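# What the coordinates show
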Amino acid sequence: MAKDGNKGAASFLPDRLDLDALRDAAAGCRGCDLYRNATATVFGEGPPGARFLLVGEQPGDQEDRQGAPFVGPAGRVLDRALAEAGIKRDEVYVTNAVKHFSFTLRGKRRIHQKPTAAEIDACRPWLTAELAVVEPEVVVVLGATAARSVLGPGFRVTKERGVPVPLGGRLAVATIHPSAVLRAPDRDATYAGFLADLQVAARTADGS
């Protein structure tokens, strides 16, 4: 349960489940305390019926300011890797496990803070609804927080990345978050591994 006693996002879901209705409803979500300091809810973006649904951790500083997912440095890494993996951007829906920016202040800088398990759980109804509306062929899980939300707390990205696993009536492929490439001592090798996982996702959608 969220710190302020709210029971999560479920009570904020709209009666009509389509992406526009979900996005409008999520703008007023008070399912956990993160909305108090964030600039805006950052909902997913992409076409209904996208072949791929990508789930990251949470919006970062630039995403929070612009109100759109994956528009910062990690998003540029992701866009490059998708292109090189042969995944068309117009076949992708991108979202996050948590829809508000979690941060701590260090002077005037807003420093990313990993969402808590309670915050991830509180936000899960939005992600569940997005999956139901988009109905992707493959879900690409980016990092440990997304894996906890989508595949459960027992899933370990470090051990099970790059391998298609069942997720309801579809398949999921886990990999690192693109921000991990930016933090890595050996960016080239880390990027190569990230790209290889996305290539697995592309082949999975193609049935090979």
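So, a few notes on the structure that sits alongside this text. (Residues numbered from 1 in each chain as written. Predicted model: local features only at pLDDT ≥ 70, side-chain atom pairs only at ≥ 80, totals over all residues. Heavy atoms only, no water.)

Scanning all chains against the criterion turns up 15 salt bridges. Of the charged contacts, one joins glutamate 137 and arginine 51 as a salt bridge, the two residues approaching to 3.2 Å between their closest N and O atoms. Taken together, the positions of glutamate 137 in the loop between α4 (117-134) and β5 (138-142) and arginine 51 in the loop between α1 (19-26) and β1 (52-56) put the pair 86 residues apart, joining distant regions of the chain. Relative accessible area serves as the criterion here: at 40%, glutamate 137 is assigned to the partly exposed category. Note that glutamate 84 and arginine 80 form a salt bridge whose closest N and O atoms lie 3.1 Å from each other. Here glutamate 84 and its partner arginine 80 are both found in helix α3 (residues 73-85), 4 residues apart, which amounts to about one turn of the helix. (Salt bridge = Lys/Arg side-chain N within 4 Å of Asp/Glu carboxyl O. Helix = DSSP H or I, 4+ residues; strand = E, 2+ residues; numbered from the N terminus. Buried < 20%, exposed > 50% of the residue type's maximum accessible area, 1.4 Å probe, protein only.)

Here the focus is unusual backbone geometry. Positive phi, close to 55°, is recorded for phenylalanine 70, a residue that is not glycine. Inspection of the secondary structure assignment puts phenylalanine 70 in the loop between α2 (61-66) and α3. In this structure, glutamate 135 takes a positive phi of about 55° despite not being glycine. The topology assignment puts glutamate 135 in the loop between α4 and β5.

Let's shift gears to the nonpolar core. Residues Leu53, Val55, Tyr93, Trp126, Val139, Val141 and Val150 are the most contacted members of the largest nonpolar core, which totals 29 residues. Secondary-structure elements contributing two or more residues to this core are α1, β1, α4, β5, α5 (144-151), β6 (165-167) and β7 (170-175). For this core, the element with the highest residue contribution is α4, accounting for 6 residues. Filtering out sequence-adjacent residues up to four positions away, valine 55 remains in contact with Thr95, Asn96, Ala97, Leu127, Val139, Val140, Val141, Leu142, Ala146 and Val150. Counting residues in each nonpolar core, the second largest holds 26 residues, with Phe70, Leu82, Val181 and Ala202 among its members. (Core = buried A, V, L, I, M, F, W, Y, C linked by side-chain atoms within 4.5 Å. Contact = heavy atoms within 4.5 Å.)

This brings us to the packing of aromatic side chains. A full pass over the atoms with the stated rule returns 2 aromatic pairs. Here phenylalanine 43 and tryptophan 126 contribute two aromatic rings whose centre-to-centre distance is 6.1 Å and whose plane-to-plane angle is 90°, an arrangement assigned as edge-to-face. A residue pair is termed long-range when its members are at least 10 positions apart, and phenylalanine 43 in the loop between α1 and β1 and tryptophan 126 in helix α4 qualify at 83 residues. Taken individually, phenylalanine 43 and tryptophan 126 each receive the classification buried, so the pair is uniform in this respect. Measuring from centroid to centroid gives 4.9 Å for phenylalanine 101 and phenylalanine 103, while their planes differ by 35°, and the two rings are tilted. (Phe/Tyr/Trp six-rings, centres within 6.5 Å; stacked < 30°, edge-to-face > 60°.)

Attention now goes to α1. Regarding α1, the residues found buried are Leu19, Ala21, Leu22, Ala25 and Ala26. One side of α1 carries all its buried residues, which in axial view fall inside an arc of 165°. Opposite the packed face of α1, turned more than 90 degrees from it, sit the exposed residues Asp20 and Asp24. Packing partners of the buried residues in α1 comprise β2 (92-96) and α4. With a side-chain oxygen lying 3.1 Å from the backbone nitrogen of aspartate 20, the N-terminal cap of α1 falls on aspartate 18. (Arc of directions from axis to C-beta. Polar contact = N/O pair within 3.5 Å; in protein donor to acceptor, adjacent residues only side chain to side chain.)

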